[in-house]
Amino acid sequence: MIAFLVKRLFHALLVMFVISIIAFAIQDNLGDPIQQMVGQSVPESERAELREELGLNDPFLVQYARFAVNAAQFDFGYSYVFNQPTTEVIARHLPATLELVAAATFLIITLSVPIGVYSAIKPRAWLSRFFMGVSIVGISIPVFLTAIMLIQLFAIGVSWTPFPVDTAWGSWLNGVISTEGGMPAYGRGDPVPVFGTWETNFASLEGLTYLVLPAVSLASIMLPLFIRLIRAEMLEVMQSDYVKFARAKGISMRRIYFLHALKNTMLPVITVGGVQIGTLVAYTILTETVFQWPGMGLMFLDAIERSDIPLIVTYLMIVGLIFVITNTIVDLIYGLVNPTIKLTGKPA
Amino acid sequence: MTFKKTLLASVIGATLASTALLSTAAQAENTLRMAYDADPVSLDIHEQLSGGILQLSHMTHDPLVRWNDALEFEPRLASDWERIDDTTMRMSLREGVEFHSGNAFTADDVVWTIERLQRSPDFKAIFDPIESVTAVDDYTVEITTKTPYPLLLNLATYVFPMDSAFYSGEAEDGDPKDEIVKNGNSFASRNVSGTGPYTVADRQQGVRTEFERNPNYWDTESPGNVDNIILTPISENATRVAALLSGDVDFIAPVPPNDLERVRESEDAQLVTMSGTRIIFFHMNQERVEAFQDPRVRQAFAYAVNQEAIADRLMKGFATPAAQFSPEGYAGHIESLELRHDLERAKELMAEAGYEDGFDITMMAPNNRYVNDAKIAQAVAAMLARINVNVDLSTLPKAQYWGEYDDRAADMMLIGWHADTEDSANFHEYLTACPDPDTGAGQYNAGNYCNPELDALVAEANVEVDRAKRAAMLQEVEQTLYDEAAIIPLHWQDLAWASANHVNIEPVVNVMNFPYLGDLVMDAE
């Protein structure tokens, strides 16, 4: 166990090292930060001075070495835009992203397991077909479209009047297909401070209303995938010999489904799922942009737009770290669920 | 209290019922929730010369004078002014004005502020004509320029007196409080004390800034009745509009052209548009392409472009077609200059110049800097194809584009320009003057157009204090640029703001795009 974690720590460092080199190597293509800092009428001489001051004229290796020495002491430099250490900027934006991912994950798990299991148990039921059909649509609609549709429907509201308004049944039907709107369309509202830079949206009902639309649209990417994965795994397990044998023994179907079959279904789901939840952190860039959710994704896009190179490099390294961490946790959980797996990879 | 009930059906088909309780406590105070596409980069109003910083300046500070609707000067902290001689102007200052900190506003603050502007990398270029500023008494200053300078009042719109006592001394970290730092954490970038209608109550950069009405604001005649402002940056166009339409914010700017109709038709919002002063145009690089040295070829290009089609169809009417740099109201504007779209004439000119078979050129444009910038470039490329010019177009995000622009990386490059001084001479100085890296002239002249006579004329206009004579000179410059087809002007980009019906933005917005929010009136909802 300890050996495993040490090895993973080493992996994380390696990943961050490689990412930092790549990010540094492409910085010339990210645009000129000076251009973003000064107004249009600033003469070239002033710009050259500022460039020199920021050390942008030094050769690549000198710049990288300076960065690496500081980074080894946990100093990742100052953001050009925020005028603060990049780590502080990211620490301020991280909780928003993590809360969004947590809310989306909660939706995915609570919806995909029952739906997936149901459509595996009753593959021919019309409800199962409906779920499968909708999940195809869901998987093929890009997340920003989902997000904008949600805003139109539930934040702005839509009123359709295909039925005669002057009749009682007509206006009732119009009311059924129209939406009133009223959900918040952007941002986090007034999150409640917890400690440090962590402010939460989970503490109040108002905070939760801000979270609903972004979380639903973020979940809409992974949910169909999870439903299909769980359904496929469950169908396979239902065909296996031990389930047939259990049925032959006369064990109640409920016990077979939820005790024996489900457990084995979840094994691959955990592996795939854990990795996918990690990538959700990356997907938040789109969702956060549309909902103007003040998390890391939005911050990263702004940083690219403004050529804030120190912030871009730090963000990429931290996302790399998050991937390593989630993978490690997935491996640990996998070990718990399936004790025959040895973490260090040595034969049992 | 209002309770709104929303039934939420998620796209995936799973049904989620949720009850949204949106409560708005009854408020006696007027709170304006507004969303811009970006928030100001700093609280130090001398750190960057940009639209965002100037918008902030008009909230937390007051200028000496400001522009009114008719592009005339309106007294603010300067109550009166007179020219003593060609190079000296005496300004009387308003008495009894207090800074947010409680310090009294005096002539020393004006001197201190102008001297700080002369140190600011962004402002020092436009404050270069000023020789010295002296306080005659507590409420009188004298500004002396190096040579007779006609634009002194234009400069005064950039002087937002800062609280010199508040910004003197050393901050906790030992740095002087008045230092201007581009990429650091200076005292002035975090703290603000001006005379303006609002104080900064709280600021989370990139997330939200909260302003409170200055209880001791000097301008008691201002009709403004807004007590609090919450500014949230929403960079995504669709989201900014949705936030307004759903009632989450009361005021947004800019309104993206694709949503103009939607906002105009909405019952809950009102739209205000105005012809702007930012000219969008193409440079034709004479150094890279020999053919562009022939004025007939440049004219042919100018004749081939249909500005009206671009303004009508591409910009959906959200632009004013242009035949010159200067918009209406500027000294150099010539009313009679007409758009010259004429394809036959363009072909004739190409034939005369010996290029009837056309030639190949490269073109570059940004794709996220101006409204529809990439589409405009595509349209122009298609129009040039009609005179047998084969265009190789590439479009880049603005962060990358400006580097290419400085390298003059293509034969035709698109740029938009707003004159910081709101004056015609500025266009020529930066965009069509003979490039000279030492003086900084023609810094953005990606066409390498060079006409020393025009340079001399503009230099002369810049020391001409007589406004009528000066206007005649600048009009001559504009006419020559048109005749020689130095550039291909396309249009002035319009400006648009939108607000909820109970917020009367129309009287406070202006062509400079610095809404005078201190004078904003909100009706009861």
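Residues numbered from 1 in each chain as written. Chains lettered and ligands numbered in written order. Predicted model: local features only at pLDDT ≥ 70, side-chain atom pairs only at ≥ 80, totals over all residues. Heavy atoms only, no water.

*Asks:* Looking at this structure, how should I read the overall build of chain B?
*Replies:* What chain B contains, in helices and strands, is 14 helices and 21 strands. Here the C-alpha atoms of chain B give a radius of gyration of 25 Å, agreeing with the 24 Å that 2.2 N^0.38 yields for 525 residues. With the principal axes as the frame, chain B shows a C-alpha extent of 75 × 75 × 45 Å. Across the 525 residues that make up chain B, the buried fraction comes to 58%. Partitioning the contacts of chain B with sequence separation of at least 6, the portion at a separation of at least 24 is 68%. Of the roughly 20800 Å² of accessible surface on chain B, 44% is carried by carbon and sulfur atoms. Taking the 38 positively charged and 86 negatively charged side chains of chain B as two groups, their mean positions are separated by 5 Å. (Helix = DSSP H or I, 4+ residues; strand = E, 2+ residues; numbered from the N terminus. Rg over C-alpha atoms; globule rule 2.2 N^0.38 Å. Buried < 20%, exposed > 50% of the residue type's maximum accessible area, 1.4 Å probe, protein only. Contact = heavy atoms within 4.5 Å. Areas by Shrake-Rupley, 256 points an atom, 1.4 Å probe, with all protein chains shown as cover. Lys, Arg positive; Asp, Glu negative; His and termini not counted. Charge placed at Lys NZ, Arg CZ, Asp CG, Glu CD.)

*Asks:* Is there a simple way to think about the overall build of chain A in this case?
*Replies:* When helices and strands are tallied, chain A shows 13 helices and two strands. Along the longest, intermediate and shortest principal axes, the C-alpha atoms of chain A span 85 × 75 × 35 Å. A total of 348 residues make up chain A; the buried ones form 47% of that total. Counting contacts in chain A only where the partners sit at least 6 residues apart, residues at least 24 apart contribute 69% of the total. Approximately 17100 Å² of chain A is accessible, and the part contributed by carbon and sulfur atoms is 69%.

*Asks:* Help me out: how do you make sense of the interface of chain A and chain B in this one?
*Replies:* The parts lose accessible area when they come together, and the size of an interface is often stated as this lost area. Listed by partner, the interface residues are 63 residues for chain A and 61 residues for chain B. Summed over both sides, the interface of chain A with chain B buries roughly 5300 Å², with 57% coming from carbon and sulfur. For the pair chain A and chain B, the interface holds two salt bridges. Of the charged contacts in the structure, one is a salt bridge between Glu46 of chain A and Lys124 of chain B, with a shortest N-O distance of 2.6 Å. Where chain A touches chain B, the interface holds seven residue pairs in polar contact (both at pLDDT 80 or more). Listed by contribution, the elements that provide at least two residues to the side of chain A that touches chain B are helix H2 (33-37), helix H3 (44-53), helix H5 (86-121), helix H6 (126-140), helix H7 (143-156), helix H9 (205-239), helix H11 (253-291) and helix H12 (296-305) of chain A. Here the side of chain A that touches chain B is composed, by residue class, of 35 nonpolar, 17 polar and 11 charged. (Buried area = accessible area lost by both parts, 1.4 Å probe. Salt bridge = Lys/Arg side-chain N within 4 Å of Asp/Glu carboxyl O. Polar contact = N/O pair within 3.5 Å; in protein donor to acceptor, adjacent residues only side chain to side chain. Nonpolar A, V, L, I, M, F, W, Y, C, P; charged D, E, K, R; others polar.)

*Asks:* How should I be thinking about the sheet that holds strand S7 (residues 88-93) of chain B in this particular structure?
*Replies:* The strands making up a sheet associate through backbone hydrogen bonding, with each pair oriented either parallel or antiparallel. All names here are of chain B. The antiparallel open sheet is built from four strands, whose spatial order is S6-S7-S9-S8. If you trace the sheet from one side to the other, it starts and ends with strand S6 (78-85) and strand S8 (130-137), each paired once. For this sheet the average axis-to-axis angle between neighbouring strands, irrespective of direction, equals 20°. Relative to S7, S6 runs antiparallel, the two sharing six bridges. Opposite Trp81, over in S7, you have Met91 as the bridge partner. (Pairing = 2+ DSSP bridges. Axes fitted to C-alpha atoms, helices over the stretch in contact; angles between N-to-C directions.)

*Asks:* What's the story with the packing of aromatic side chains in this structure? I'm lost.
*Replies:* Think of a pair of aromatic rings as described by two things: how far the centres are apart, and how the planes are tilted against each other in angle. Residues and elements named next belong to chain B. Per the counting criterion, the structure on display carries 33 aromatic pairs over all chains. Between Tyr217 and Trp218, the aromatic rings sit 5.5 Å apart at their centres with planes inclined by 50°, giving tilted as the arrangement. Across the pair, exposure class does not vary: Tyr217 and Trp218 are buried alike. Taken together, the ring pairs connect Tyr401, Trp402, Tyr405, Trp417, Tyr430 and Tyr444 into an aromatic cluster. Sitting above the plane of the Phe187 ring, Lys177 keeps its charged end 4.8 Å from the centroid. Directly above the aromatic system of Tyr482 lies the positively charged group of Arg340, at a separation of 4.0 Å from the ring centroid. (Phe/Tyr/Trp six-rings, centres within 6.5 Å; stacked < 30°, edge-to-face > 60°. Lys NZ or Arg CZ within 6 Å of the ring centre and 35° of its normal.)

*Asks:* Help me out: how do you make sense of H7 of chain A in this one?
*Replies:* One turn of an α-helix holds 3.6 residues; hence residues three or four places apart share an orientation. For H7 of chain A, with 14 residues, the first-to-last C-alpha span of 19 Å sits near the 20 Å given by 1.5 Å per residue. Within the sequence span of H7 of chain A, burial applies to Val143, Thr146, Ala147, Leu150, Ile151, Phe154, Ala155 and Ile156 of chain A. (Expected span 1.5 Å × (residues − 1).)

*Asks:* How should I be thinking about the side chain of Ser135 of chain A in this particular structure?
*Replies:* Looking at where Ser135 of chain A falls in the secondary structure, it is placed in helix H6. Discounting residues that sit within four places of it in the chain, Ser135 of chain A has contacts with Pro224 and Arg228 of chain A.

*Asks:* Looking at this model, I keep getting lost on the UniProt feature "transmembrane region" (unreviewed entry) in chain A. Mind explaining?
*Replies:* Residue and element names in this part refer to chain A. Within the UniProt annotation, "transmembrane region" (unreviewed entry) is assigned to residues 9-27, 100-118, 130-156, 208-230, 265-286 and 309-337. Structurally, residues 9-27 is divided into 89% helix and 0% strand, and its ends, taken at the C-alpha atoms, are 27 Å apart. The span residues 309-337 shows a helical share of 100% and a strand share of 0%, and its end C-alpha atoms are spaced 42 Å apart. (UniProt positions renumbered as here; feature names shortened; annotations may be inferred.)

*Asks:* Is there a simple way to think about the pattern of salt bridges in this case?
*Replies:* All names here are of chain B. Considering all chains together, one arrives at 23 salt bridges over all chains under this definition. Two residues, Asp250 and Arg33, come together in a salt bridge whose shortest N-O distance is 2.8 Å. Highlighted residues: Asp250 in the loop between helix H5 (237-245) and strand S13 (251-253) and Arg33 in strand S3 (residues 31-36), separated in sequence by 217 residues. Asp250 gets classed as buried once you look at its relative accessible area, which sits at 3%. Exposure remark for Arg33: the relative accessible area of 30% places this residue in the partly exposed category. A single network of salt bridges, built from pairs that share partners, joins Asp62, Arg66, Glu74, Arg76, Asp219 and Asp519.

*Asks:* Is there a simple way to explain the environment of Val136 of chain B in this structure?
*Replies:* Residue and element names in this part refer to chain B. Secondary-structure assignment places Val136 in strand S8. For Val136, a relative accessible area of 44% translates into the label partly exposed. Between the alpha carbons of Val136 and Asp108 there is a distance of 9.5 Å; along the sequence they are 28 residues apart.

*Asks:* Would you explain unusual backbone geometry in this entry?
*Replies:* For residues other than glycine, phi is negative in most cases, and the peptide bonds are mostly trans. With an omega dihedral of -10°, the bond running from Ala253 of chain B to Pro254 of chain B counts as a cis peptide bond. By the secondary structure assignment, Pro254 of chain B is in the loop between S13 and helix H6 (260-265). Even without glycine at this site, Phe74 of chain A takes up a positive phi of about 60°. Note on placement: Phe74 of chain A falls in the loop between helix H4 (60-72) and H5. Backbone geometry at Asn513 of chain B places phi at a positive 65°, although glycine is not the residue there. Along the polypeptide, Asn513 of chain B turns up in the loop between strand S20 (503-504) and strand S21 (521-522).

*Asks:* I'm lost on the environment of Glu44 of chain A in this one. Help?
*Replies:* Tracing the chain through its elements places Glu44 of chain A in helix H3. It is 24 Å that separates the C-alpha atoms of Glu44 of chain A and Ala303 of chain A, two residues lying 259 residues apart in sequence. Sequence-distant contacts of Glu44 of chain A, defined by excluding residues within four places in its chain, comprise Arg51 of chain A together with Gln443 of chain B.

*Asks:* Quick question: what am I supposed to make of the packing of helix H12 (residues 424-432) of chain B against helix H14 (residues 467-483) of chain B here?
*Replies:* Packed helices, taken two at a time, are described by their axes: the angle between them and the distance between them. Residues and elements named next belong to chain B. Taken N-terminus to C-terminus, the directions of H12 and H14 make an angle of 40°; their axes are 10 Å apart at the nearest point. Classified by the angle their axes make, H12 and H14 are oblique. Read as a crossing pair, H12 and H14 show a hand that is left-handed. Contacts from Ser424, Ala425, His428 and Thr432 of H12 reach H14 at Arg470, Leu474, Val477 and Leu481. (Parallel < 35°, antiparallel > 145°, perpendicular 65-115°, else oblique. Left-handed = near helix turned anticlockwise from the far one by under 90°.)

*Asks:* When you look at the confidence of the model for chain B in this model, what are you seeing that I'm missing?
*Replies:* Low pLDDT marks stretches whose predicted atomic positions should not be read closely. On average, residues of chain B carry a pLDDT of 89, and 94% of them reach 70 or more. The element-level mean pLDDT for chain B is lowest in strand S2 (residues 15-16) of chain B, coming to 30, with helix H2 (residues 107-117) of chain B highest at 96. (pLDDT = per-residue confidence, 0-100.)

*Asks:* Whenever I open this one, the side chain of His491 of chain B confuses me. Can you help?
*Replies:* Inspection of the secondary structure assignment puts His491 of chain B in strand S19 (residues 487-500). If we skip the residues at most four places from it in the chain, His491 of chain B touches Arg278, Ile279, Ile280, Ile310, Met315, Ala319, Thr320, Pro321, Ala322 and Ile376 of chain B.

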